[in-house]
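Structural description and commentary
Listed here are the chains, written in short residue letters.
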Amino acid sequence: MISPENSSTTGMLSRREALQRAAFLLGAALSPSIVAGVLRAQPAAGGTRLSAEQDRTLAALAERILPRTETPGAADVGVPAFIGRMFTEFLTATERGTLTGGVAALDSACTARHGRPFAALEGGKQDDEIRRLIASKDAAEREFLRLTRELVIVGYFTSEKIGKTLLRYEPVPGRYDADIPLSETGGAAWNRP
């Protein structure tokens, strides 16, 4: 995950830069506690943890939201651990309740329909359950899906692996050469990288 140090000294995206990129990719505002959790390491009160079953469900859901293709999936870059840390240290009590209540409702619905919790279903059935959540009129289900997607996307795009391989982050300001002939820069009137 992103280091709290300044990116100009570590060669990594700073939390602020990564969050701004993730927000740009989302095209939407992020919840205040996720912003607080990513931008500054100011823990929320509580410190409760997700159960092993809740972790499995959220990890399976994260992997269906951002599966492995030619690029790494959510599990490959540590999104489930990111969600666990956000839950434990940064989410508000209301958001923790939304997450745990949503996981419980999802697993109950899956068990009633398929005889197994969400994490134990095949990919196609998991996708059907996600489509059901998307189409749901229930405010609690929609809020659970919104919060989960937000955590998955922020966790994914603030991971070091994605920053280095997918986003191809180039540390700025980079090297500075004060006096370069234009012939060496291809005629460009700015510094070479």
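On a predicted model such as this, the values are computed, not experimentally measured, just so you know.

1. So, the packing of helix 4 (residues 52–65) against helix 7 (residues 123–135)
Two elements in contact, helix 4 and helix 7, have axes separated by 10 Å at closest approach and are oriented at 90 degrees. Here helix 4 lies roughly perpendicular to helix 7, going by the angle between them. Across the interface between the two elements, Ala60, Leu61 and Arg64 of helix 4 pack against Gly123, Gln126, Asp127 and Ile130 of helix 7. For the contact of helix 4 with helix 7, the per-class residue count stands at 3 nonpolar, 2 polar and 2 charged.

2. With respect to the packing of aromatic side chains
Under the criterion given, the structure shown has 1 aromatic pair. Considering the side-chain rings of Tyr156 and Phe157, the 5.1 Å spacing of their centres and the 80 degrees angle between planes classify their relative orientation as edge-to-face.

3. What to know about the side chain of Glu141
Within the secondary structure, Glu141 is located in helix 8 (residues 139–157). According to the relative accessible area criterion, Glu141 is buried, its value standing at 17%. Separated by 2.5 Å, the side chains of Glu141 and Ser136 make a polar contact. In this view, Glu141 contacts Arg132, Leu133 and Ser136; residues no more than four positions away in its chain are not counted.

Criteria and cut-off values
Residues numbered from 1 in each chain as written. Predicted model: local features only at pLDDT ≥ 70, side-chain atom pairs only at ≥ 80, totals over all residues. Heavy atoms only, no water. Axes fitted to C-alpha atoms, helices over the stretch in contact; angles between N-to-C directions. Helix = DSSP H or I, 4+ residues; strand = E, 2+ residues; numbered from the N terminus. Parallel < 35°, antiparallel > 145°, perpendicular 65-115°, else oblique. Contact = heavy atoms within 4.5 Å. Nonpolar A, V, L, I, M, F, W, Y, C, P; charged D, E, K, R; others polar. Phe/Tyr/Trp six-rings, centres within 6.5 Å; stacked < 30°, edge-to-face > 60°. Buried < 20%, exposed > 50% of the residue type's maximum accessible area, 1.4 Å probe, protein only. Polar contact = N/O pair within 3.5 Å; in protein donor to acceptor, adjacent residues only side chain to side chain.

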